[in-house]
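The chain contents come next:
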Amino acid sequence: MALAGTQKVSLTVRSEDFPPEEVIFGRSATMQACHQKLQKFAATPVPLLIQGESGTGKGVMARYIHSRSSVAAGPFVSVNCAAIPGTLLESELFGYEKGAFTGAYVTKPGRVEMANTGTLFLDGIDEIDLGLQAKLLQLLQDAQFSRIGAREDIAVQIRVICATNRPLEREIAAGRFRVDLYYRINVATVELPALRARMQDVPQLAAHFYEQHRKRHKSSVRPISPALLKLFEKHSWPGNIRELENLMERYVILGSEEAIGAELANWERIPVTSEMPMNGPIHLKKVTRQAVQELERKIILSALEANRWNRKRAASDLRISYRALLYKIRQAGLPPKRSSHAAASAPANIPLASD
């Protein structure tokens, strides 16, 4: 067993870590209903499950709930379960004793222990394998756990918030998720709507991200025009709020509404019709897989271009590891680095980014 990589863990939630309440919940009826529901559950210590598509703001919502909870003065520890290989996730969550396995030269506390008296946020709870789910169930039932290699249990007082972008009922039916764990983490549930279902909130979100990134990049670019907002209203936002934020950051850096408008105008529907026969059966899995691959390719290319092909920054924007991005670049048939033609055409006064 190898040691888990050291990752920076934020133990506090500052006010600047998330947008103002009026930006988080906006004006749409769906988000106002979500706000009313959270006001009832935020202050309670019960486990809470946040569901929603990727990019809908589940992490921001978890930090908001923590800041309004009875353990707000305690630490907020976030774990991206999908980003840590299953063999390492147990040691990352629960820690280990010195000598527990090869390479365990010192005792290491896990994220659960670090979250004591605060909130533990498990993002991508569906990515945890069945064996580790049993240990997590014990934590929720008994408020105690044991490090790897330890003989004694450790008691903790934590509020657990979980998030997923998959229907857990489907994972249970497929035998990939324990039903008893589902009922433990599902005491309270919040369903975050896709951005396309709350389009009236887009102008307010766009204004917030504009101001945030204008200050960050020390830009003097003017606010977006009503004409560009009209294009925003016609866009389907497959990447949800994360896509909108990345788009606004590109606008602040480029300072060109024409470039952003062209990007939205050129966002074509995925051409799956050519693969579909006029009559007869349709290979749904094949067509869907091709559509998803093409969409993923466009999103990766957009992130690379926005970061001037700095792959580490693009990976950070896409919320995936650098190694995962390199794999996906190869899988999508994209060049590993910016082409020499593109480099030659870049303005001389703007340096090209490197990893």
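The structure we're discussing is the one just above.
What you see is a predicted model; the values in this text were computed from it and never measured.

## Some thoughts on the packing of aromatic side chains
(1) Moving on: Going through the model one piece at a time under the given rule, you end up with six aromatic pairs.
(2) Moving on: Their ring planes at 25° and their centres at 6.2 Å tell us that Phe-76 and Phe-121 sit as a pair that is stacked. Of this pair, Phe-76 sits in strand E2 (residues 76-80) while Phe-121 sits in strand E3 (residues 119-123); the two residues are 45 residues apart in sequence, bridging distant segments of the chain.
(3) Moving on: Residue classification places Phe-76 among the buried positions, given a relative accessible area of 4%.
(4) Moving on: Taking relative accessible area as the criterion, Phe-121 reaches 2% and is therefore assigned buried.
(5) Moving on: Sitting over the face of the ring of Phe-94, Lys-135 holds its NZ or CZ atom 4.8 Å from the ring centroid.

## Regarding the pattern of salt bridges
(1) Moving on: Enumeration according to the criterion identifies 15 salt bridges in this entry.
(2) Moving on: Residues Lys-135 and Glu-90 are paired through a salt bridge, measuring 3.2 Å at the closest nitrogen-oxygen approach. Of this pair, Lys-135 sits in helix H6 (residues 130-142) while Glu-90 is found in helix H4 (residues 86-94), placing the two residues 45 residues apart along the sequence.
(3) Moving on: Assessed through its relative accessible area of 14%, Lys-135 is described here as buried.
(4) Moving on: Classification of Glu-90 by relative accessible area gives partly exposed; the value is 29%.
(5) Moving on: Salt-bridge contacts for Asp-126 lead to Arg-166; the nearest nitrogen and oxygen are separated by 3.2 Å. Placement of Asp-126 in the loop between E3 and H6 and of Arg-166 in the loop between strand E6 (159-164) and helix H7 (168-173) is noted, with a sequence separation of 40 residues between them.
(6) Moving on: A residue is classified by how much of its surface remains accessible, and Arg-166, at 34% relative accessible area, is partly exposed.
(7) Moving on: A network of salt bridges, in which partner residues are shared, links Glu-97, Glu-113 and Arg-147.

## Remarks on the environment of Gly-99
(1) Moving on: Secondary-structure assignment places Gly-99 in the loop between H4 and helix H5 (111-114).
(2) Moving on: Judged by its relative accessible area of 58%, Gly-99 falls in the exposed class.

## Thoughts on the packing of helix H13 (residues 284-306) against helix H15 (residues 322-331)
(1) Moving on: The N-to-C vectors of H13 and H15 enclose an angle of 120°; their axes lie 10 Å apart at closest approach. The orientation of H13 with respect to H15, classified from their angle, is oblique. The two elements H13 and H15 cross, and the hand of that crossing is left-handed. Packed against H13, whose contacting residues are Glu-296, Ile-300 and Leu-304, the element H15 presents Leu-325, Lys-328, Ile-329 and Gln-331 at the interface.
(2) Moving on: Looking at the contact of H13 with H15, its residues break down into four nonpolar, one polar and two charged.

Definitions and cut-offs
Residues numbered from 1 in each chain as written. Predicted model: local features only at pLDDT ≥ 70, side-chain atom pairs only at ≥ 80, totals over all residues. Heavy atoms only, no water. Phe/Tyr/Trp six-rings, centres within 6.5 Å; stacked < 30°, edge-to-face > 60°. Helix = DSSP H or I, 4+ residues; strand = E, 2+ residues; numbered from the N terminus. Buried < 20%, exposed > 50% of the residue type's maximum accessible area, 1.4 Å probe, protein only. Lys NZ or Arg CZ within 6 Å of the ring centre and 35° of its normal. Salt bridge = Lys/Arg side-chain N within 4 Å of Asp/Glu carboxyl O. Axes fitted to C-alpha atoms, helices over the stretch in contact; angles between N-to-C directions. Parallel < 35°, antiparallel > 145°, perpendicular 65-115°, else oblique. Left-handed = near helix turned anticlockwise from the far one by under 90°. Contact = heavy atoms within 4.5 Å. Nonpolar A, V, L, I, M, F, W, Y, C, P; charged D, E, K, R; others polar.

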